[in-house]
Amino acid sequence: DGGITQSPKYLFRKEGQNVTLSCEQNLNHDAMYWYRQDPGQGLRLIYYSQIVNDFQKGDIAEGYSVSREKKESFPLTVTSAQKNPTAFYLCASSGTSGSGEQYFGPGTRLTVT
Amino acid sequence: AQSVAQPEDQVNVAEGNPLTVKCTYSVSGNPYLFWYVQYPNRGLQFLLKYITGDNLVKGSYGFEAEFNKSQTSFHLKKPSALVSDSALYFCAVRDWTGFQKLVFGTGTRLLVSP
């Protein structure tokens, strides 16, 4: 988990509320990613960013939004439009040269009731 | 499209015995392959990767993986399992259709019994 922090570790929200998950890295990586993990489904890519002020939708972007104003930070907002937001959310980063391995934060478990 | 299959949801092995966690892949382009481990309520930890060269790749915590191009496989192995190896293991392949993206398998739970 070293080098990437996610906060908070656990987050509880009422249905209909937007919530923002924090992700910070000190690895000097240009690329950052957000994944959603559900039991038995592996990791699914929500958004990714190759560089500051640029980001792309992943496979399940609906109901989510991101920003990338600083190289170190890539916050994810789970909006009220996300139909089933309860999940474990993982942030990752990687360098832009080399083989492309990603390094992950410790995750945030979001529960919406 | 790039894909990874982990055919076993769970692998059970006794402590001290060798373990194998299976992974097969499909990729258009060079197969860059990765293994990650996840402990409960934690992020994924990078174990090892295959990019090119020797088909037997050594990684962290005594794990190794064998790349087999003809069988499109990249199985994770360890000669002697520890109870502390019990965790969720993910295989991933680089997706050459998108920037630095990885495609992950659904994961295999490894349970090592004392």
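Refer to the preceding data block for the structure.
These numbers come from a predicted model, not from an experiment. Every chain begins its residue count from 1, and numbering advances along the sequence as written. Naming scheme: in the order in which they are written, chains are lettered from A and ligands are numbered from 1. A pLDDT threshold of at least 70 governs which residues receive local features in this predicted model, and a stricter bar of 80 or more applies before side-chain atom pairs are shown or counted, although totals over entire chains, interfaces and linings include all residues. Side-chain measures here rest on the full set of heavy atoms in the structure, leaving out hydrogens and waters.

A. Representation of the packing of aromatic side chains in the model. The pairing test for Phe, Tyr and Trp rings, Trp by its six-membered ring, is centres within 6.5 Å, and the orientation test on the planes gives stacked under 30 degrees, edge-to-face over 60, and tilted for anything in between. Counted by the stated rule, this structure contains 16 aromatic pairs over all chains. Ring geometry for Tyr-35 of chain A against Phe-104 of chain A: centres 5.7 Å apart, planes inclined by 35 degrees, an arrangement best described as tilted. Of this pair, Tyr-35 of chain A sits in strand β4 (residues 31-37) while Phe-104 of chain A sits in strand β10 (residues 103-104); the two residues are 69 residues apart in sequence, bridging distant segments of the chain. Aromatic side chains Tyr-36 of chain B and Phe-104 of chain B sit 5.8 Å apart centroid to centroid with 50 degrees between the ring planes, which places their arrangement in the tilted category. Residue Tyr-36 of chain B is located in strand β5 (residues 33-38), and its partner Phe-104 of chain B is located in strand β11 (residues 101-104); the two are separated by 68 residues in the primary sequence. Only protein chains enter the accessibility calculation, which uses a 1.4 Å probe. A residue is then buried if its area is under 20% of the maximum for its type, exposed if over 50%, and partly exposed in between. Taking the relative accessible area as the measure of exposure, Tyr-36 of chain B reaches 0% and is therefore buried. What links up through ring pairs into an aromatic cluster is the set Tyr-33, Tyr-35, Tyr-48, Tyr-103 and Phe-104 of chain A together with Tyr-36, Phe-46 and Phe-104 of chain B. Whether a charge lies above a ring is judged from NZ of Lys or CZ of Arg, which has to be within 6 Å of the ring centre and within 35 degrees of the ring normal. We note Arg-68 of chain A situated over the ring of Phe-74 of chain A; from NZ or CZ to the ring centre the distance is 5.9 Å. Put simply, DSSP marks the helices as runs of H or I at least four residues long and the strands as runs of E at least two long, and each gets a number from the N terminus on.

B. Structural context of the sheet that holds strand β3 (residues 19-25) of chain A. Residues and elements named next belong to chain A. In this description, strands pair whenever DSSP reports at least two bridges between them. Here we have four strands laid out as an open sheet, ordered β1-β3-β8-β7, and antiparallel in their pairing. Only two strands of the sheet have a single neighbouring strand rather than two, namely β1 (4-7) and β7 (64-66). Sheet twist, expressed as the average angle between the axes of neighbouring strands with direction ignored, equals 20 degrees. Alignment of β7 against strand β8 (residues 76-78), held across three bridges, turns out to be antiparallel. Each bridged residue has a counterpart across the sheet, and for Ser-65 the counterpart in β8 is Thr-77. Only the stretch in contact is used when fitting a helix axis, every axis being a line fitted to C-alpha atoms; angles between N-to-C directions are given from 0 to 180 degrees.

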